[in-house]
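# Breakdown of the fold
Single-letter residue listing:
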Amino acid sequence: MRREYPQPGGNPLWQAVGVIVGAGLFALLFVLGLAVLAVVAGVMAVGLVAWWIRGWWYRRRYGSQRAPGEASGDYIVAEYTVIEHERDEPPPERPHR
């Protein structure tokens, strides 16, 4: 069985206009994509600079201390008392402060 393929038809002038419009649309979308990329990169750069300034300000203000919320990795040394009670007994009363 023989296959029929669609043949390009129509006026060659309209085909040229279609190619020109398609290329123009492609160029416009390419430039629009570059503009969006530039905006996103700019926002990220401003955020990075703000983050760096915040760190610099905390180091200057608190000296060698860590910024609030940052983990230091140090241990807390404390004394504690282990209170044990039997399962059948109620837990001891805590003193009111």
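Cut-offs applied
- Residues numbered from 1 in each chain as written.
- Predicted model: local features only at pLDDT ≥ 70, side-chain atom pairs only at ≥ 80, totals over all residues.
- Heavy atoms only, no water.
- Helix = DSSP H or I, 4+ residues; strand = E, 2+ residues; numbered from the N terminus.
- Buried < 20%, exposed > 50% of the residue type's maximum accessible area, 1.4 Å probe, protein only.
- Areas by Shrake-Rupley, 256 points an atom, 1.4 Å probe, with all protein chains shown as cover.
- Expected span 1.5 Å × (residues − 1).
- Patch = residues over 30% accessible without salt bridge, like charges linked within 9 Å, V, L, I, M, F, W, Y side chains within 5 Å.
- Salt bridge = Lys/Arg side-chain N within 4 Å of Asp/Glu carboxyl O.

What follows covers the overall build of the protein chain. A count of helical and extended segments in the protein chain gives one helix and zero strands. Sorting the 97 residues of the protein chain into buried and exposed places 3% on the buried side. Summed over all atoms, the accessible surface of the protein chain reaches about 10,400 Å², with 64% contributed by carbon and sulfur.

The subject of this paragraph is helix 1 (residues 12–62). Taking 1.5 Å per residue, 51 residues should reach 75 Å; helix 1 reaches 75 Å between its end C-alpha atoms and fits that length. In the stretch just after helix 1, Gly 63 is the one whose phi turns positive, near 70°.

Side chains of Leu 25, Leu 28, Leu 29, Leu 32, Val 36, Val 40 and Met 44 sit close together on the surface and give an oily, nonpolar patch of about 710 Å² of accessible area. The class of Val 40 is partly exposed, set by a relative accessible area of 43%.

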